[in-house]
Amino acid sequence: MPIPSIGAQDDLCGCAWTLKTGSAAKDLRIRCQMDIGSESKPSTLRELAAMRKLFGILSFMLLFLMSPVYSLSRDTGIAGSKILAGTFPVYLFARNVLSGVEGVEVQLMLPSDMGCPHDYVLTPADMEKIRGSDIFIANGLGLEEFLGDPLLRANPAIEVIDSSQGLEDVILMSGHDHHHGHDSDHGPGHSHSQAHEGESGHGHAAEGHRGELDHSGHRAPHEEAKPMPNPHVFASPRMAARMVESIAAALIRLDPVHADIYRKNADAYKGALMKLSEELKVAAEGFKSRRIVTHHAVFDYLARDVGLEIVAVVQEDPGQEPSAAEMLRLVRLIKETGAAAVFTEPQYPSRVGETIAREAGVPVAVLDPVASGPGDAPLDYYQTVMRNNLETMRRTLGRAGN
Ligand SMILES: [Zn+2]
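If you're wondering where the values come from, they're calculated on a predicted model, not measured in any experiment.

> Could you give me a rundown of the overall build of the protein chain, with the residues and numbers involved?
A count of helical and extended segments in the protein chain gives 12 helices and 10 strands. Residue burial in the protein chain is summarised as follows: out of 402 residues, 42% are buried.

Here's what the structure looks like:
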């Protein structure tokens with residue numbers, strides 16, 4: 001008698017196939033007996049099938065228990081979970097979205113006064129925090145270069161929420177206008193870092209610098225700089241509102257028990273951020289000059305969204321002071337373009353910006369991109385800081401007609 005084709009076998013007698021389909025038992029019994037030459041009875045097969053089924057259920061339960069956010073139960077949701085925010089802005093956004101949800105701990109990984117983690121390498125203390133957390137909330141777009149392999153080595157089960165996930169109008173930086181140390185040529189293996197479209201440099205796996213960078217972080221001369229996403233989305237209230245939506249959507253997916261709270265919090269916070277964005281836009285329309293110089297490329301989104309023009313940045317590579325020749329070029333550029341002010345940032349020394357402003361004969365002031373702040377910052381800290389920025393710009397850039 002010809003043996004019917006029953007598909008791939010994954011054990012000697014093909015019984016695994018029976019368990020998957022629950023059909024063709026008769027043919028399988030024949031095949032079983034022929035293959036093994038045994039006198040297996042149908043009842044033995046049924047017992048085996050039952051055992052395998054039980055084993056399958058147990059395996060599934062085990063996998064579920066070992067899954068990243070095992071503490072998210074159907075009844076209690078996120079209670080008992082530990083959430084780790086990578087940077088200060090997402091820490092603030094996450095706390096707003098999670099406001100009123102009981103039993104969840106939100107921690108900031110980096111020191112709250114550190115600012116942008118460009119070229120940051122995880123410390124043993126960070127690794128410990130990652131190991132003890134269920135969820136990691138990232139800014140994304142390559143701001144955290146430790147996302148990917150270093151993060152997953154510390155905690156392979158951690159669930160990563162990428163708050164820049166789904167942002168469509170990301171600004172790309174190219175040529176000299178890039179952050180060093182980034183490379184979009186990442187191989188696979190960043191499963192926890194949700195992919196962005198196109199050139200978004202997600203899931204950076206670099207620990208320190210990659211091979212093509214010399215140890216100061218500069219690209220080798222032969223290497224053509226690839227466009228990189230500007231990761232400073234948080235410093236524009238409009239983009240911040242969309243990050244808040246990404247965080248809320250991810251939390252709703254992970255913890256549907258508290259969906260109503262996340263939705264309500266996110267909508268209220270997004271509303272406040274969009275109102276702030278509108279205020280900044282209206283104010284900027286009234287500035288005597290809208291051309292400015294900033295410390296690093298942190299305000300590109302804010303400038304785009306409210307109508308300011310950044311003619312140059314003091315530090316093209318964050319943390320790298322410009323040379324004397326670059327400073328002279330900046331002074332010339334300010335004079336040529338009529339830029340009205342140089343803005344420094346609280347997270348970086350202001351000396352170079354002050355020198356350039358003095359040489360160019362323009363005012364200098366501090367604008368805070370909310371990249372850092374107090375660890376116990378009130379929930380409306382972002383709005384407070386941005387309104388201070390607005391007053392600073394009004395003072396520095398003047399009002400049209402004055
Ligand atoms: Zn930065």
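Now that the structure is up, let's keep going.
> A description of the confidence of the model for the protein chain should follow, citing residues and the corresponding values.
Averaged over every residue, the pLDDT of the protein chain is 78; residues scoring 70 or more account for 69%. In the model, residues 63-70 has pLDDT below 50 throughout and makes 10 contacts with residues more than four positions away in sequence or in other chains. Note that residues 176-221 has pLDDT below 50 and, in this model, 89 contacts with residues that lie over four places away or in other chains.

> Can you tell me about the environment of Glu-391, naming the residues and giving the values?
Among the secondary structure elements, Glu-391 is positioned in helix H12 (residues 381-397). For Glu-391, a count of 10 C-beta atoms within 10 Å corresponds to the exposed category. Separated by 24 residues in the primary sequence, Glu-391 and Leu-367 place their C-alpha atoms 10.0 Å from one another.

> Any chance you could break down the packing of helix H10 (residues 324-337) against helix H11 (residues 351-360) for me, citing the residues and the numbers?
Running from N to C, H10 and H11 cross one another at 50°; their axes reach a closest spacing of 9 Å. In this view, H10 runs oblique relative to H11, as classed from their interaxial angle. Regarding H10 and H11, the two cross each other, and that crossing is right-handed. For the pair formed by H10 and H11, the contact residues are Met-327, Leu-330, Val-331, Ile-334 and Lys-335 on the first element and Val-352, Thr-355, Ile-356, Glu-359 and Ala-360 on the second. Looking at the contact of H10 with H11 residue by residue, the class counts come to 7 nonpolar, 1 polar and 2 charged.

> Can you break down the sheet that holds strand E3 (residues 135-138) residue by residue, with the values?
Spatial ordering of the open sheet is given by E2-E1-E3-E4, a layout of 4 strands whose pairing is parallel. In this open sheet, the two strands that pair with only one neighbour each are strand E2 (105-108) and strand E4 (159-162). Each adjacent strand pair in this sheet contributes to an overall mean axis angle of 25°, direction not counted. Relative to E3, strand E1 (residues 82-85) runs parallel, the two being bridged by 3 bridges. Counterpart to Leu-84 in the pairing with E3 is Phe-136.

> Tell me about the sheet that holds strand E10 (residues 364-366), residues and numbers included.
Strands in a sheet are paired, the pairing made by backbone hydrogen bonds, and the direction either parallel or antiparallel. Taken in spatial order, the 4 strands of this open sheet run E8-E7-E9-E10, and their pairing is parallel. The open sheet is flanked by strand E8 (309-313) and E10, the only strands paired with a single partner. Adjacent strand axes in the sheet meet at a mean angle of 35° when their direction is disregarded. Pairing geometry for strand E7 (residues 291-294) and strand E9 (residues 341-344), over 3 bridges, is parallel. Paired with Ile-292 across the strands is Ala-341, a residue of E9. Along the sheet, H11 contacts E9 and E10; its crossing angle with E9, the most-contacted strand, is approximately 175°.

> Would you mind going over the pairing of E8 in detail, with residue names and values included?
Sheet topology places E7 next to E8; 4 bridges connect them, and they run parallel. Looking at E8, one finds that Thr-294 is bridged to Val-313. Read as a crossover between parallel neighbours, the route from E7 over helix H9 (residues 300-306) to E8 is right-handed.

> Before we move on, can you summarise H10 with the specific residues and values?
Two residues of an α-helix separated by three or four positions point the same way, owing to the 3.6 residues in each turn. Taking 1.5 Å of rise per residue, the 14 residues of H10 would be expected to cover 20 Å, and the 20 Å separating its terminal C-alpha atoms lies within 8% of that figure. Looking at H10, one finds that the buried residues are Leu-330, Val-331 and Ile-334. Buried residues of H10 fall within an arc of 100° about the axis and therefore sit on the same side. In H10, the exposed positions that point more than 90 degrees away from the buried face belong to Ala-325, Arg-332 and Glu-336. Looking at the buried residues of H10, the elements they touch are E7, E8 and H11.

> Requested: an account of the nonpolar core, with residues and values cited.
Residues Ala-85, Ala-94, Val-97, Ile-137, Val-244, Ile-247 and Val-293 are the most contacted members of the largest nonpolar core, which totals 92 residues. The greatest single-element share of this core, amounting to 10 residues, is contributed by helix H7 (residues 237-254). Both domains that meet at this core, namely domain 2 (82-268) and domain 3 (282-397), each give it at least three residues. Discounting chain neighbours no more than four positions away, the residues touching Ala-85 are Val-90, Tyr-91, Ala-94, Val-106, Leu-108, Met-109 and Ile-137.

> Which residues make up the packing of helix H8 (residues 259-285) against H12, and what are the values?
At a closest axis distance of 11 Å, the pairing of H8 and H12 adopts a crossing angle of 0°. Taken together, the axes of H8 and H12 are roughly parallel relative to one another. Of H12, the residues touching H8 (which contributes Ala-272, Leu-276, Glu-279, Leu-280 and Ala-283) are Gln-383, Met-386, Leu-390 and Arg-394. Residues that form the contact of H8 with H12 fall into these classes: 6 nonpolar, 1 polar and 2 charged.

> Can you tell me about unusual backbone geometry, naming the residues and giving the values?
In this structure, Asp-119 is a non-glycine residue whose phi angle is positive, near 65°. Its location among the elements puts Asp-119 in the loop between E2 and helix H5 (124-131). For Val-370, which is not a glycine, the phi torsion comes out positive at approximately 60°. Looking at the element boundaries, Val-370 is found in the loop between E10 and H12. On the basis of neighbour counts, which here come to 23 C-beta atoms within 10 Å, the residue Val-370 falls in the buried class.

Rules of the game
Residues numbered from 1 in each chain as written. Predicted model: local features only at pLDDT ≥ 70, side-chain atom pairs only at ≥ 80, totals over all residues. Helix = DSSP H or I, 4+ residues; strand = E, 2+ residues; numbered from the N terminus. Buried ≥ 20, exposed ≤ 12 C-beta atoms within 10 Å, placed from the backbone. pLDDT = per-residue confidence, 0-100. Contact = placed C-beta atoms within 7 Å. Axes fitted to C-alpha atoms, helices over the stretch in contact; angles between N-to-C directions. Parallel < 35°, antiparallel > 145°, perpendicular 65-115°, else oblique. Left-handed = near helix turned anticlockwise from the far one by under 90°. Nonpolar A, V, L, I, M, F, W, Y, C, P; charged D, E, K, R; others polar. Pairing = 2+ DSSP bridges. Right-handed = clockwise from strand over helix to strand, strands pointing away. Expected span 1.5 Å × (residues − 1). Arc of directions from axis to C-beta. Core = buried A, V, L, I, M, F, W, Y, C linked by C-beta atoms within 7 Å. Domains from an automatic or database assignment.

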